Amino acid sequence: MRVVLSWLREFCPTELSAEELAELLTSKGAEVEAVERPWERLRGVIAARVLEVRDHPNSDRLCVARVHTGSGETEVVVGVRNMAPGDIVPLAGPGAMVPLLPEPLAAREIRGVVSNGMLCAPDELGISHSHEGILILPPDLEPGTDLKRALGLDDAVLDIEVTPNRPDFLSVIGIAREVAAATGAPLRIPEPTFPEEEERADEVATVRVEDPERCPRYLARVLRDVRHVASPIPVQARLTAAGMRPISAAVDATNYAMLEVGQPLHPFDLALLKGPGIVVRRAREGERMVTLDGVERVLTADDLLICDLERPVAVAGVMGGEVAEISEATTDILLESASFERGGIQRTRRRLELSTEASMRFERGVDPEAVPRGADRACELMVAWCGARVLSGAVDVGRAPERRWVSMRTSRASMLIGYEVTPADAVSVFDRLGMRSRIDGEVVHVEIPGYRVDIEREVDLIEEVVRIQGYDRVGATLPPVRQAGGVPETVAFLGRVRELLVRAGLREVQLVPFVSETDLALVGATDAIRITNPLQAEEGWLRTSLLPNLLKAVRRNLHRQVRSVAIFEVGTVFRLVAGRPEERPSAAFALTGVADPGWTGGGRVYDVFDAKGVLEAVAAGLGIRLDHGEALGRPFHPGRSAAVLLRGERVGVLGELHPSVAAALDLTGRIAVGELDLPRLREAASEARIVGAEIPRFPPVRRDLAFVVDVDVPAAAVEAVLREAAGELLDACLLFDVFEGDPLPPGKRSLAFSVDLRAPDRTLGSEEADAVVARIAERLARELGAELRTG
């Protein structure tokens, strides 16, 4: 919400500067993101009277204007010709500055004629976005008058970030009400006044509401003899500074009233309404209408429409339609001021992807009591700006709900805030906020005005007390806590996994959880959850694996010439299980590029063994054992991938991407990845005990054992049986050689392990070591058909 400071001071005459107000409002919960001065660079622009407009001697498109500046005459070359002798226009002479130009103006020759500055269009002065012609000023301005002072352009704008729970801040009066409560300055909100005709509005138009739940109140006023003119220049400047586009006096009046009061309004051309009358109803499924932006909208039965007696003329609370749009030919207007149910407006806005100033206010909550005031303020402005005649009365269907009462115990407030709050203290706060209250012992009962849709329960009132009294009054002492501190076990485990991956040399990334159908196909997902309203149309699914987006991050890094990429993510994946959505934490990593970029690295690139090392580091840190299972199919390389097993069950994947898959993803080089299902790892880790061991006092007995096995027997399976057979005497086991070919028979290979055997309390003898080796050989022969090589 952009609030012009002078506009704010009309309702709350505070002497605080813009910067002081920004600090004050931010401390009260209305965060001011910036203080802007749109006309700060406007200097030296004055009013001038046009004396003569003649053709440029050397151009068919240009003209020369001779103007009176109050102290003399001067000539200016102009590119348009909408001014005439006697008009008052803005003149930026030599040395003057306008917001759109970076440097002061100077006299210069244009096609052989010296131009002493320029006559300004509205956009060049920051008054509106129009550049169609020179701005014609009010005729009562004297030549030589400084326009910045005369038009009130020496002003500031507060850019306020409005949270969804405070829709009352989406109006100048709402912010003024907050300033008055914070400073004690008076709040002055005059009632709109204007003459009314004898002709009655309900004799001219009708209103019928067919869905009172979605439209609790609809009020229509009728205005006649509306002139199509521009709104006053200071009004255009205010609207532009507030982020609105000035259009015409009638439209500007509705926008001005909306920004001031907070009540969205919409004007219809009465002559174009069939009946004339208004019907508020649900749309028929598939019904169509063209909105003011020229787009044909296809509606559903959940959408609420404003119709005349034959057809839709607006999407309720969102945008009007073309069929009854006011134009230069409009003379009679039906002015809509209504209250709509928040949820319905929000659903329609999201489905149509059509956000407007009106929808933003309605879906957050508009004051139901402001319906007549918003309409009356717009009528008052149209009478003043357009010469409109207002018919007496209004066609008013429905009513505002009764105000709610919410109670607050001062003992509860004192306990939550941390300092004593008396009933008198609370009543003082609510008086400053303009809320009626009464005291019943230690309980304060408060009447909630319609504009405070955020106050629903006792704690909301307590928040108002501390907010107005000042958060600086809240002490810094820690409250007593009756339960042990710490983080939940599941969160602690995720942090533990992150730490282990960082220790393994990887960097953490955080990626969005949305993926495309191509991403789902990459990991073979068939149980993905579709997003109803995706941020991007092509990414309309929740991820079932962390790998697709992780690979996109790898690609972005490679495209930016990063030589070594080692990243991981710990995040949530989503699946449909038995028709119900399920969320599970997962960890994934990706490695590519130079593994050791230093001069000692030799240019070695990451491969599947680096990924295996990361996996082993995580398993060791968690105190669990992970094994490798069968090779994986696409998108993995069949000879450089494996399923990750925990107690025989698959808990993840490990391997390099297939070269063709990597090429399709625009990735170069070897890409090693891994992903683990964390809940099952957490169960195993909770059972594991990591015990510190003493430094060995006795030497190991080392045996190099080579076993001949079938080529399809995984080395991991051989190592697993070897470790189990060796038992507690096994100190270390390392695969150091793999051999195939002569003299081994075809289909066979040799796996050589370096085995260290050690006892904690004695030096092992050869006989004990030989017995362990025999036990290992027997188990491997029996379970895997392995043969111990002896020669």
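Coordinates for the structure precede this section.
So, here's what we can say about the structure. (Residues numbered from 1 in each chain as written. Predicted model: local features only at pLDDT ≥ 70, side-chain atom pairs only at ≥ 80, totals over all residues. Heavy atoms only, no water.)

**Some thoughts on the side chain of S128**
Note that S128 resides in the loop between strand 9 (118–119) and helix 3 (147–150). Among the polar contacts listed, one links the side chain of S128 to the backbone nitrogen of S130, at a separation of 3.2 Å. Setting aside its immediate chain neighbours within four residues, S128 contacts P122, D123, Q236, T240 and P246. (Helix = DSSP H or I, 4+ residues; strand = E, 2+ residues; numbered from the N terminus. Polar contact = N/O pair within 3.5 Å; in protein donor to acceptor, adjacent residues only side chain to side chain. Contact = heavy atoms within 4.5 Å.)

**Regarding the sheet that holds strand 20 (residues 319–320)**
Spatially, the 5 strands line up as an open sheet ordered 12-15-18-19-20, and their pairing is mixed. Both edges of this open sheet fall to strand 12 (206–209) and strand 20, since each of them pairs with a single strand only. Direction of pairing for strand 19 (residues 312–315) relative to strand 20: antiparallel, over a ladder of 2 bridges. Paired with A314 across the strands is G320, a residue of strand 20. (Pairing = 2+ DSSP bridges.)

**Comments concerning the packing of helix 6 (residues 249–261) against helix 9 (residues 371–386)**
For any two helices packed against each other, the geometry comes down to the angle between their axes and how far apart the axes lie. Packing of helix 6 against helix 9 brings their axes to within 8 Å, and their N-to-C directions diverge by 140°. Taken together, the axes of helix 6 and helix 9 are oblique relative to one another. Considering only the axes of helix 6 and helix 9, their crossing is right-handed. Two secondary-structure elements touch here, helix 6 through A249, A250, D252, A253, T254, Y256, A257, E260 and V261 and helix 9 through R373, G374, R377, A378, L381, M382, W385 and C386. Taken together, the residues of the contact of helix 6 with helix 9 break down into 11 nonpolar, 2 polar and 4 charged. (Axes fitted to C-alpha atoms, helices over the stretch in contact; angles between N-to-C directions. Parallel < 35°, antiparallel > 145°, perpendicular 65-115°, else oblique. Left-handed = near helix turned anticlockwise from the far one by under 90°. Nonpolar A, V, L, I, M, F, W, Y, C, P; charged D, E, K, R; others polar.)

**Quick word on the packing of aromatic side chains**
Describing an aromatic ring pair means giving the distance of the ring centres and the angle of the ring planes. Enumeration according to the criterion identifies 3 aromatic pairs in this entry. Look at W7 and Y256: their rings are 4.3 Å apart centre to centre, the planes differ by 25°, and that puts the pair in the stacked class. With W7 in helix 1 (residues 5–11) and Y256 in helix 6, this pair connects stretches of sequence that are 249 residues apart. Ring centres 5.7 Å apart and planes at 85° place the aromatic pair Y256 and W385 in the edge-to-face group. With Y256 in helix 6 and W385 in helix 9, this pair connects stretches of sequence that are 129 residues apart. Taking the relative accessible area as the measure of exposure, Y256 reaches 5% and is therefore buried. A relative accessible area of 13% means that W385 is categorised as buried. A connected cluster of aromatic rings, assembled from ring pairs, spans W7, Y256 and W385. One cation-aromatic arrangement involves R177 over Y451; the distance from NZ or CZ to the ring centre is 3.6 Å. A cation over a ring is seen here: R473 above Y419, with NZ or CZ 4.4 Å from the ring centre. (Phe/Tyr/Trp six-rings, centres within 6.5 Å; stacked < 30°, edge-to-face > 60°. Buried < 20%, exposed > 50% of the residue type's maximum accessible area, 1.4 Å probe, protein only. Lys NZ or Arg CZ within 6 Å of the ring centre and 35° of its normal.)

**Some thoughts on the environment of M118**
Tracing the backbone through its elements, the reader meets M118 in strand 9. On the accessibility criterion, M118 (16% relative accessible area) is buried. It is 6.5 Å that separates the C-alpha atoms of M118 and G93, two residues lying 25 residues apart in sequence. Once residues lying within four places of it in the same chain are set aside, the contact partners of M118 are V76, P90, L91, A92, L101, L105 and E124.

**Some points on the side chain of D367**
Among the secondary structure elements, D367 is positioned in the loop between helix 8 (357–364) and helix 9. One buried charge, D367, has no salt-bridge partner; the nearest side chain with opposite charge is R177, at 6.0 Å. Separated by 2.9 Å, the side chain of D367 and the backbone nitrogen of E369 make a polar contact. The contacts of D367, once residues within four sequence positions are left out, are Q263, G450 and Y451. (Lys, Arg positive; Asp, Glu negative; His and termini not counted. Salt bridge = Lys/Arg side-chain N within 4 Å of Asp/Glu carboxyl O.)

**Focus: helix 20 (residues 766–784)**
Its 19 residues give helix 20 an end-to-end C-alpha distance of 26 Å, which sits within 8% of 27 Å, the value for a rise of 1.5 Å per residue. Where helix 20 is buried, its residues meet strand 36 (701–710), helix 19 (715–726), strand 38 (748–757) and strand 39 (787–788). (Expected span 1.5 Å × (residues − 1).)

**A short note on the sheet that holds strand 24 (residues 404–409)**
If you walk across this open sheet you meet the 3 strands as 24-26-25, and the pairing is antiparallel. In the strand order of this sheet, the two ends are held by strand 24 and strand 25 (437–440), each with one partner. Ignoring strand direction, the axes of neighbouring strands in this sheet form an average angle of 25°. When strand 25 meets strand 26 (residues 443–448), the two strands line up antiparallel, connected through 4 bridges. Across the sheet, residue S437 finds its bridge partner in strand 26, namely V446. Those strands touched by helix 10 (residues 410–417) are strand 24 and strand 26, and its axis lies near 65° from that of strand 24. Against the sheet, helix 11 (residues 423–432) touches strand 24, strand 25 and strand 26, its axis set at about 170° to strand 25.

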